[in-house]
Every structure is written in structure tokens, then in C-alpha cells.
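Per-entry structural report
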Amino acid sequence: MAATLIDGKAFAAKVRGQVAEHVARLKEEHGITPGLAVVLVGEDPASQVYVRSKGKQTVEVGMNSVEHKLDADTSEADLLAVVEQLNNDPSIHGILVQLPLPKHMNEDLVINSIAPEKDVDGFHISNVGLLGTGQKSMVPCTPLGCLMMLRDHHGSLSGMDAVVIGRSNIVGKPMAQLLLGDSCTVTIAHSRTKDLPDVVRRADIVVAAVGRPEMVPGDWIKEGATVIDVGINRIERDGKTKLVGDVDFASAAERAGAITPVPGGVGPMTIACLLANTVTAACRAHG
Ligand code: GUN
């Protein structure tokens, strides 16, 4: 393997350490304990795993964790009432409604009912607009984690050619905005992109966020490029369940200058950034 491994697990531990120090200072000097509320509707197994992990890590850094678990057939009005109550609770600084929501709910409506200053996911339309215009906002956790790893590895990203594969509201679009904010030349590629291999071969930075196992082969990667793999795909191989990214790691690592592994790359950074966003929200709430 030629590439340097970007260790998201170690980086996330460092971020959590910094968050814990910040939380301790807020408690000591201002008597504030940041609080994060997570709302889970239904019993999606992957969502349950994420929510448990979020709650555990929130408590580990010294913050208060509140979980609201609602039945899958909860009405949208009842969910909106829970969000409203959290919006009005001064002990809660961050609110996260776990996605996806059941089909009978309007996700946009629910997300936009969260007070923007408590929207630690950065999905509220106000935060999307603030990010898009380069203003102070809540930044979505996964793209923020990717940006932190890229900055840590490169220092300045100015002038680099970046391609983001995937145009989701959660990762692709905010990732592109963040890279643009750091003065990259950004291409957003997607399922209709003509000649995707050629687009990827021109990039100094490749962020893959499509959710398709190992769809980016190594021979698409420019020699020395930095590869950030956001995909977390569960596949069966040799009779075993395995987690793989959107990039074929073995062949990409032969050509990349640096690459994130799956697992242990972007994944751990997402929750670390959620905790960091919650501390930021608590600081802003108390001036
Ligand atoms: N479901 C998958 N990823 C996310 C995320 O980052 N935030 C929320 N709220 N739901 C998710």
C-alpha cells in the first residue's frame, strides 16, 4: 500500500478529548452543562445503533443526553409537539431527529420545526442558507468531519481540484459548499454524470458519498490524490458480513497519497462533530 492512512478513529478521539475539556470549562466557569436531545421514531435497527452510540458518547464527554423514543405510528403532530417542547427547554442546546423518518411524515417540515440555533445536524433550511452564503451556521457533521481530516492532512486546500461523488442534502451538497469555502475547485458528480471515471481522475481530492459498495475502483484515482470514503455498506463476502466503503480500498490505496479506511475513517468523526456542534450551540446560547 502506497497511501498514508487517515486515521479517523484516532482523530475522533482527539476531538472528543477537546470537547470534554470545553464541557468541563463551561461547567466550572459558567455553571452550564450542554444538553443534547436525540429523537428516534420507529425501530430501524441501524438508527437504533447510531442513537445508542450518540447517547453513550454524549455522556462520556460530560454532557447531558436525552433520548425520546417514539413508536413508528406516532403522528407527525405528536412528533412536532416533542420538538417544540425541546425547542423551549433551556437545558437542551442541541436537537437531532434521527433520519429516515417513517413514510407518513414530512421530513422537511419536521427538520424545519427545529430551532435553527439548536439544529446540531445543520439540516434546517436557515443553516443550509447560511452555509451556502459563507455565514456562521451549524455545519452538517459528516461533511465537517471530512473537512477536518482534509485540513489536518493538507493544511491549506486552496486551489485543489475536488470531486464530491453524491448530491445528498446530508453529505454531498454541504461537502461541496465546505470545499468551496476552502477555495477548492469543486465538481459534484452523481448518477447522471457523463464519464465519471474521467471526472474522478482529474481530482486532487475525492469524496465518495453514494452508498454503493466499492463503486470507485483504484484506476479512477489520480496518483497521489486524497480519498475520503463516506460510504458504510454492509456486504456478504466469503460467507461473512463485512463493512466496506464506496471506494475499493485495496486498489485505491495503491494509487492514492492518502485514504480513509472503512470502518475507522469518516464514521467516528461524524459523532465527534455532533458533540462539537452541541458545545458550539451551548456557547452561542449563553453568549
Ligand atoms: N441518519 C443518517 N445520518 C444521519 C445524520 O447525520 N443525522 C440524522 N439526523 N439522521 C441521520
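Keep in mind it's a predicted model, so treat the numbers as computed, not measured. (Residues numbered from 1 in each chain as written. Predicted model: local features only at pLDDT ≥ 70, side-chain atom pairs only at ≥ 80, totals over all residues.)

Details of the site of the ligand
Heads up, the condition is: Using a C-beta atom placed from the backbone for every residue, we mark a residue as near a molecule or strand if that atom lies within 6 Å of it. Under the DSSP-based scheme used, a helix requires at least four consecutive residues in state H or I and a strand at least two consecutive residues in state E, with every element numbered from the N terminus. Note on residue classes: Ala, Val, Leu, Ile, Met, Phe, Trp, Tyr, Cys and Pro are nonpolar, Asp, Glu, Lys and Arg are charged, and everything else, Gly too, is polar. Domain limits in this description derive from either an automatic procedure or a database domain assignment.
Lining the immediate surroundings of the ligand are Leu96, Val97, Gln98, Leu99, Asp121, Cys141, Thr142 and Ile170. Residue assignment for the shell around the ligand shows that the elements contributing at least two residues are strand S4 (94–97) and helix H6 (141–154). Looking at the shell around the ligand, its residues break down into five nonpolar, two polar and one charged. Counting only domains with at least three residues in the shell around the ligand, you end up with domain 1 (30–117) and domain 2 (141–267).

Focus: the sheet that holds S4
What counts here: Paired strands, in this sense, are two strands between which DSSP finds at least two bridges. Helix axes are fitted to C-alpha atoms over the stretch in contact, other axes to C-alpha atoms as well, and angles between N-to-C directions run from 0 to 180 degrees.
With parallel pairing, three strands are arranged side by side in an open sheet as S3-S2-S4. Each edge of the open sheet carries a strand with a single partner, namely strand S3 (64–70) and S4. Across the sheet, the mean angle separating the axes of adjacent strands is 15° when strand polarity is ignored. Direction of pairing for strand S2 (residues 35–41) relative to S4: parallel, over a ladder of four bridges.

Observations regarding the sheet that holds strand S7 (residues 205–208)
Applied cut-off: Any two residues are considered in contact once their C-beta atoms, placed from the backbone, lie within 7 Å.
Spatial ordering of the open sheet is given by S1-S11-S8-S7-S5-S6, a layout of six strands whose pairing is parallel. In this open sheet, the two strands that pair with only one neighbour each are strand S1 (4–5) and strand S6 (185–189). As paired elements, S7 and strand S8 (residues 226–229) share four bridges and run parallel to each other. Bridge pairing in S8 links Ala208 to Asp229. Across the sheet, helix H7 (residues 172–181) is in contact with strand S5 (161–165), S6 and S7; its angle to S6 comes to roughly 170°.

Concerning unusual backbone geometry
That bond from Leu99 to Pro100 is cis: its omega, 0°, falls within 30 degrees of zero. If you trace the backbone, Pro100 turns up in the loop between S4 and helix H4 (107–111). The linkage connecting Val262 with the following residue, Pro263, adopts the cis geometry, with an omega of 0°. Positive phi is not limited to glycine here, since Asp195 has a value of about 50°. You can see Asp195 is positioned in the loop between S6 and helix H8 (196–201).

A word on the nonpolar core
In plain terms, the rule: We call a set of buried Ala, Val, Leu, Ile, Met, Phe, Trp, Tyr and Cys residues a nonpolar core when their C-beta atoms link them within 7 Å. Partly exposed residues are those whose C-beta has more than 12 but fewer than 20 other C-beta atoms within 10 Å; with 20 or more the residue is buried, with 12 or fewer it is exposed, and the C-beta atoms are placed from the backbone.
Counting residues in hydrophobic clusters, the biggest one holds 86 residues, and the most contacted among them are Val164, Val206 and Val207. If one sorts the elements of this core by residue count, helix H10 (residues 266–285) sits on top with 11 residues. Structurally, this core is a two-domain feature, drawing no fewer than three residues from each of domain 1 (30–117) and domain 2 (141–267). If near-sequence neighbours (up to four positions away) are discounted, Val164 is found in contact with Gly172, Met175, Ala176, Val186, Ile188, Ala189, Val207 and Ala209.

Description of the pairing of S6
So the rule is basically this: If the strands point away from the viewer and the path from the first strand over the helix to the second runs clockwise, then the crossover is right-handed.
In terms of strand pairing, S5 meets S6 through five bridges, oriented parallel. The partner of Val164 across the bridge, within S6, is Ile188. Handedness of the crossover joining S5 and S6 through H7 is recorded here as right-handed.

Quick notes on the packing of helix H2 (residues 45–60) against H10
Test applied: Roughly parallel covers angles under 35 degrees, roughly antiparallel covers those over 145, roughly perpendicular covers 65 to 115, and oblique covers all other angles. In this scheme, a crossing is called left-handed if the near helix is turned counterclockwise away from the far one by less than a right angle; it is called right-handed if the turn is clockwise.
Where H2 meets H10, the closest approach of the two axes is 10 Å, and the angle between their N-to-C directions is 50°. It follows that H2 is oblique to H10 by the angle criterion. In the crossing of H2 with H10, the sense of the turn from one axis to the other is right-handed. Here Ser53, Lys54, Gln57 and Thr58 of H2 lie close against H10, whose contacting residues are Ile271, Leu274 and Leu275. Here the contact of H2 with H10 is built from residues that sort into three nonpolar, three polar and one charged.

Re H2
Note on helix geometry: an α-helix contains 3.6 residues per turn, so any two residues three or four positions apart are oriented the same way. For clarity, the cut-off: Any helix carries an expected span of 1.5 Å times its number of residues minus one. Directions drawn from the helix axis to the C-beta atoms are what define this arc.
Taking 1.5 Å per residue as the helical rise, H2 with its 16 residues ought to reach 22 Å, and the 23 Å between its terminal C-alpha atoms agrees with that figure. Considered for burial, the residues of H2 that qualify are Tyr50, Lys54, Gln57 and Thr58. The buried residues of H2 all sit within an arc of 105° when viewed along its axis, so they share a single face. Turned more than 90 degrees away from the buried face of H2 sit Pro45, Val49, Lys56 and Val59, all of them exposed. Residues of H2 that are buried in the fold lie against helix H1 (8–30), S2, S3 and H10. Just downstream of H2 lies Gly62, where phi reads positive at about 95°.

With respect to the UniProt feature "domain: Tetrahydrofolate dehydrogenase/cyclohydrolase NAD(P)-binding" (unreviewed entry) in the chain
Threshold: UniProt positions are given in the numbering used here, feature names are shortened, and annotations may be inferred rather than shown by experiment.
The sites that carry the UniProt feature "domain: Tetrahydrofolate dehydrogenase/cyclohydrolase NAD(P)-binding" (unreviewed entry) are, in the present numbering, residues 140–284. Taken end to end, residues 140–284 comprises 39% helix and 21% strand; its first and last C-alpha atoms sit 17 Å apart.

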